[in-house]
Amino acid sequence: MTTSEYPRRQHVPEEGRICQVTASPAEKSSFRLEITGMSCASCAARIEEKLNKLDGVDASVNYATESATVTAPSGFDPQALVAEVERAGYTAALPGLGADRDGRAGPDDAELASLRTRLIAAVVLATPVIAMAMIPALQFRYWQWASLALATPVVLWAGQSFHAAAWTNLRHGAATMDTLVSVGTLSAFLWSLYALFLGTAGDAGTHHHFQLTAARSYGAGSIYLEVAAGVTLFVLAGRYFEKRAKRRAGAALRALLELGAKDVAVLRSDMLSPDGPGIEIRVPVDQLRVGDLFVVRPGEKIATDGLVVSGSSAVDASLLTGESMPVEVGPDDAVTGATVNVGGRLVVRAIRVGDATQLAQMATLVEAAQAGKAKVQRLADRVAGVFVPIVITIAVATLAAWLLAGFPLTAAITAAVAVLIIACPCALGLATPTALLVGTGRAAQLGVLIKGPEVLESTRRVDTIVLDKTGTVTTGKMTLVDVIARADTDRETLLRYAGALEDASEHPVAQAIAKAAKAELGTLPSAEGFTNLKGQGVQGIIDGHEVVVGRDSLLADWAEDDAATLREAKARAEGDGKTAVVVGWDGGTRGLLVIADAVKPSSAEAVRQFERLGLTPVLLTGDNRAVARRIADEVGITQVIAEVLPADKVAAVKRLQSEGKVVAMVGDGVNDAAALATADLGLAMGTGTDAAIEAADLTLVRGDLRAAADAIGLSRRTLATIKANLFWAFGYNVAAIPLAAVGLLNPMLAGAAMAFSSVFVVGNSLRLRSFASLTAQGDVG
């Protein structure tokens, strides 16, 4: 078991502190709906409003996970919920029987595959359409009809989702980027049909010629199929890459639930005897019931929350609590599901199973936090919400002005449609995805993975960064940091004997001592007669000497002296939040080994970089205050919040937000997942758990805290680039709207504006490749 002194505490979680989950009243039923067809956060808000209008229904729609959680009166027909969502213009389904939180994986993968298929088709079909329109040398005798054949499936099939979303938005009096795309592409396509079938554009040998000046032209001789196909292609590509990133949002819940044990060795009560283990029956963990007795062997995960009935061991609860030291447990001590038994065999009585466990409640916290963050709306949607009504107003005004001026209806319609066509820039489809593509590529080179475009919008406003301790600021592993030998004892011998004896133990602290001894001394002798002294320490024979390693209370009974000469060093180490292990042999106390969770070499520099970025660092940990204070002082953090459970971490983040702070959170453990999802910007260490990585917005691949500074710096730069791209994407075309309104728009001028704005957007995005690591810069500035 253990060879070191670490606190044996009653590790009993306070009821409800992980997550305040109130049982639903008997007259209430809960449902989960899978929703498809949402293109932005405003869609989620509309569905939520519709569902909440039903009598007795309380609904929350999560755009990130594309799902809705609904509480309704007992006996409420869930199909009524599905029907209400469908009346709002979307698709809803109840998960199949036995489905859990990961039930979306199948439908989501199918939707992504469909999007990929449409994108590939659009690339193949739209590329020659754009090429023929922009390069006169490619315009053969009936090129315009070939363009029509290629562009039609792109606009009507590949772009169908944009048109459906635009229709839904129209019914609700809203406008998003989908509306802009649909109006622009359909206007270009329908006008091209008119020009081909009823105008002169379909005549054999018709060409689009370059024209450097704007001149009034007859609209029925011009086609804009390259605009319709090109815009559909570019926006579809952006939507695919965004969807591929967003689909991982729900994986945080799956990662959390997968942390638990898959099966468990159950002991039936009628087979249990005081002197023996009885007969073990291994069953799936979902068959475990409250009151069942189950066995946990060394190295196994504890299946569910329970109380120890017999046995003693050390439990590694760092993923849930953040405590770097394992916790000693024995009879009547509480243990938590998904924690790891690193010592002896335990028999545990289940006290909470299923959704009542702390792990399940943490998943509820993560889901609730993600639902809150899902309110963010794409920047392009917000701009389009203003831009679309203005463009439509200008188009209507153009139509009216031409008619009032006495021009024919055909000429008036030509000018009005030209306004709609020029208002739909290809660059709009490139603005976000190109910046995100280049930015994420550069970020990956710096060890940062950016999950999606929405997460970037918080980075510019972040002013506070909350840091988890274990595994984030520190290595998360026990490390031998000091060897203190008595005056008459050789340091090397002390480390050799202790390391050799500890090498026979599997305890994390013992392994830290053995690893350090091997690294410094090489091969260690074998221990004879190794004995585990049940939570006190270990003893054995090394090179003919009877060696004992463990608590000072153990050596006080065993040794001839009481280690008085080492007490001061031991008190000093423990005062710094470190763990002290006493070593003795041949009846005397010989020295002290100090173990601690060491600070990463780069953490102090990372904290300085945060401060130069204008961020206030805060250390947030479940570990004890002494340890937290020591770590904070070592890296230069003044504000410390310690001894908190996962729900307390969420509360701490919310408290900072309530004070007007925009909070970024960096963490690596399961206990950080809900706080990462709650923070305005969540950053997970790539060396941490899947639950933390999936709940976060950004992932720091190399586990170096300095990457968090790079992540924020690069995210800010990427967001600024996206904003500049959107400005120019709209700007070039807005400048061309007056030309369209007065009838001076011609196909090549429109094509040139589209091409030039697209080239500018791509070029501006490529500038992100020059972003340098803040460490390499030496000055964040």
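This is a predicted model, so every value here is computed, not measured.

Caption draft 1: Focus on the overall build of the protein chain. The number of helices and strands found in the protein chain is 26 helices and 26 strands. Split into buried and exposed, the 781 residues of the protein chain put 56% on the buried side. The contacts of the protein chain with a sequence gap of at least 6 include a subset with a gap of at least 24, amounting to 73%. Summed over all atoms, the accessible surface of the protein chain reaches about 31,000 Å², with 57% contributed by carbon and sulfur.

Caption draft 2: Summary view of the pattern of salt bridges. Taken as a whole, this structure holds 15 salt bridges when the rule is applied. Between R87 and E84 there is a salt bridge; the shortest N-O distance is 2.5 Å. Within this pair, R87 and its partner E84 are both found in helix 2 (residues 78-87), separated by three residues, close to a single helical turn. Residue R87 is classed as exposed on the basis of its relative accessible area of 52%. Residue class for E84 comes out buried when judged on its relative accessible area of 12%. Each of D263, R282 and E300 takes part in a single network of salt bridges with overlapping partners.

Caption draft 3: Quick peek at helix 21 (residues 646-658). The terminal C-alpha atoms of helix 21 lie 18 Å apart, and with 13 residues this matches the ideal 18 Å at 1.5 Å per residue to within 8%. Listing the buried residues of helix 21 in full gives P646, A647, D648, K649, V650, A652, V653 and L656. Positive backbone phi, at 90°, marks G660, one or two positions downstream of helix 21.

Caption draft 4: Spotlight on the confidence of the model for the protein chain. The predicted model of the protein chain averages 77 in pLDDT, with 78% of residues at 70 or higher. Here residues 96-106 is a poorly scored stretch, pLDDT under 50, and it has 16 contacts once near neighbours within four places are set aside; other chains count. Across residues 271-275, where pLDDT falls below 50, the model places five contacts with residues more than four positions away in sequence or in other chains.

Caption draft 5: Geometry of the sheet that holds strand 10 (residues 327-329). Overall, antiparallel pairing links the three strands, which are arranged 10-9-12 in an open sheet. If you trace the sheet from one side to the other, it starts and ends with strand 10 and strand 12 (340-341), each paired once. Looking at chain direction, strand 9 (residues 313-316) and strand 10 are connected through three bridges and run antiparallel. Its bridge partner being in strand 10, V315 is matched across the sheet by V327.

Caption draft 6: Up close: the packing of aromatic side chains. Per the stated rule, a full pass over the model turns up four aromatic pairs. Ring plane angle 45° and centroid distance 4.7 Å describe the contact between W402 and F407, whose orientation is recorded as tilted. In this structure W402 comes out as buried when scored by relative accessible area, which is 10%. Here F407 falls in the partly exposed class, since its relative accessible area comes to 37%.

Caption draft 7: Quick look at the sheet that holds strand 26 (residues 698-700). Strands sit in the order 14-26-25-24-15-22-23 across an open sheet of seven strands; the sheet is mixed. If you trace the sheet from one side to the other, it starts and ends with strand 14 (448-450) and strand 23 (639-641), each paired once. Within the sheet, the average angular offset between the axes of one strand and its neighbour, ignoring direction, is 20°. Note: strand 22 (residues 616-620) against strand 23, three bridges, orientation parallel. Looking across to strand 23, one finds that V618 is bridged to Q639.

Caption draft 8: The nonpolar core, seen in detail. In terms of nonpolar packing, the biggest core is built from 63 residues, with L467, F610, V666, L683, L700 and L705 touching the most fellow members. Considering each element in turn, this core owes the most residues, 13 residues, to helix 24 (residues 706-741). F610 has contacts with I465, L467, L615, L705, A708 and A709, leaving out every residue within four places of it along the chain. In this structure, V129, V155, V227 and A237 belong to the second largest nonpolar core, which totals 36 residues.

Caption draft 9: Examining the pairing of strand 18 (residues 537-542) more closely. Bridging between strand 17 (residues 528-532) and strand 18 involves three bridges; their strand directions are antiparallel. What sits directly across from T531, in strand 18, is Q539. The pairing of strand 18 with strand 19 (residues 545-550) spans six bridges and is antiparallel. Residue pairing in the sheet places I541 in a bridge with E546 of strand 19. Linkage of strand 18 to strand 19, two consecutive antiparallel strands, is achieved through a turn of two residues, within which D543 is found at a positive phi near 50°.

Caption draft 10: Structural view of unusual backbone geometry. A positive phi angle, near 80°, is found at A338, a position not held by glycine. Following the sequence through the fold, A338 ends up in the loop between strand 11 (334-335) and strand 12. You can call A338 buried: its relative accessible area is 12%. Of note, the phi angle at E643 is positive, near 55°, even though the residue is not glycine. Position of E643 relative to the elements: it lies in the loop between strand 23 and helix 21. Overall, the relative accessible area of 44% leaves E643 in the partly exposed class.

Caption draft 11: Quick look at helix 12 (residues 409-422). Over its 14 residues, helix 12 runs 20 Å from end to end, which matches the ideal 20 Å to within 8%, given 1.5 Å per residue. In terms of residue burial, helix 12 counts as a mostly covered element, since ten of its 14 residues are buried. Looking only at helix 12, the buried set comprises A412, T414, A415, A416, V417, A418, V419, L420, I421 and I422.

Caption draft 12: Expanded view of the UniProt feature "transmembrane region" (unreviewed entry) in the protein chain. According to UniProt, the feature "transmembrane region" (unreviewed entry) maps to residues 119-139, 145-167, 179-198, 218-238, 383-405, 411-438, 724-742 and 748-766 in the numbering used here. As a span, residues 119-139 carries 76% helix and 0% strand, and end to end its C-alpha atoms are 25 Å apart. Counted over residues 179-198, helix gives 95% and strand 0%. Its end C-alpha atoms are 27 Å apart.

Caption draft 13: Spotlight on the pairing of strand 24 (residues 663-667). Burial of strand 24 is extensive: five of the five residues sit out of reach of the surface. Of the two faces of strand 24, the one holding V663, M665 and G667 and the one holding A664 and V666 are both buried throughout. Bridging between strand 24 and strand 25 (residues 681-685) involves four bridges; their strand directions are parallel. Across the sheet, the residue bridging to M665 is G682, located in strand 25. In the classification by handedness, the crossover that spans strand 24, the intervening helix 22 (residues 673-678) and the parallel strand 25 is right-handed.

Caption draft 14: Fine view of a nonpolar patch on the surface. Where nonpolar side chains cluster on the molecular surface, the patch consists of I120, V123 and V124 and spans about 270 Å² of accessible area. Position of I120 relative to the elements: it lies in helix 3 (residues 105-134).

Caption draft 15: Expanded view of the packing of helix 4 (residues 143-158) against helix 6 (residues 177-197). Where helix 4 meets helix 6, the axes come as close as 11 Å, and the angle between the chain directions of the two elements is 150°. In terms of their interaxial angle, helix 4 and helix 6 are classed as roughly antiparallel. Of the two possible hands of crossing, helix 4 and helix 6 adopt the one that is left-handed. Seen from helix 4, the contacting residues are Q144, W145, L148, T152, V155 and L156; seen from helix 6, they are L186, F189, L193, L196 and F197.

Caption draft 16: View of the environment of G686. Inspection of the secondary structure assignment puts G686 in the loop between strand 25 and helix 23 (690-695). The class of G686 is partly exposed, set by a relative accessible area of 28%. Discounting residues that sit within four places of it in the chain, G686 has contacts with I693, T699, L700 and V701.

Caption draft 17: Representation of the packing of helix 5 (residues 160-171) against helix 6. Where helix 5 contacts helix 6, the axes come no closer than 8 Å and their chain directions differ by 115°. As helix 5 packs across helix 6, the resulting crossing turns out to be left-handed. Between helix 5 and helix 6, the residues in contact are F162, H163, A165, A166 and N169 and D178, T179, V181, S182, T185 and L186, respectively. Residues belonging to the contact of helix 5 with helix 6 are distributed by class as follows: five nonpolar, five polar and one charged.

Each value, and the rule that gives it
- Residues numbered from 1 in each chain as written.
- Predicted model: local features only at pLDDT ≥ 70, side-chain atom pairs only at ≥ 80, totals over all residues.
- Heavy atoms only, no water.
- Helix = DSSP H or I, 4+ residues; strand = E, 2+ residues; numbered from the N terminus.
- Buried < 20%, exposed > 50% of the residue type's maximum accessible area, 1.4 Å probe, protein only.
- Contact = heavy atoms within 4.5 Å.
- Areas by Shrake-Rupley, 256 points an atom, 1.4 Å probe, with all protein chains shown as cover.
- Salt bridge = Lys/Arg side-chain N within 4 Å of Asp/Glu carboxyl O.
- Expected span 1.5 Å × (residues − 1).
- pLDDT = per-residue confidence, 0-100.
- Pairing = 2+ DSSP bridges.
- Phe/Tyr/Trp six-rings, centres within 6.5 Å; stacked < 30°, edge-to-face > 60°.
- Axes fitted to C-alpha atoms, helices over the stretch in contact; angles between N-to-C directions.
- Core = buried A, V, L, I, M, F, W, Y, C linked by side-chain atoms within 4.5 Å.
- UniProt positions renumbered as here; feature names shortened; annotations may be inferred.
- Right-handed = clockwise from strand over helix to strand, strands pointing away.
- Patch = residues over 30% accessible without salt bridge, like charges linked within 9 Å, V, L, I, M, F, W, Y side chains within 5 Å.
- Parallel < 35°, antiparallel > 145°, perpendicular 65-115°, else oblique.
- Left-handed = near helix turned anticlockwise from the far one by under 90°.
- Nonpolar A, V, L, I, M, F, W, Y, C, P; charged D, E, K, R; others polar.

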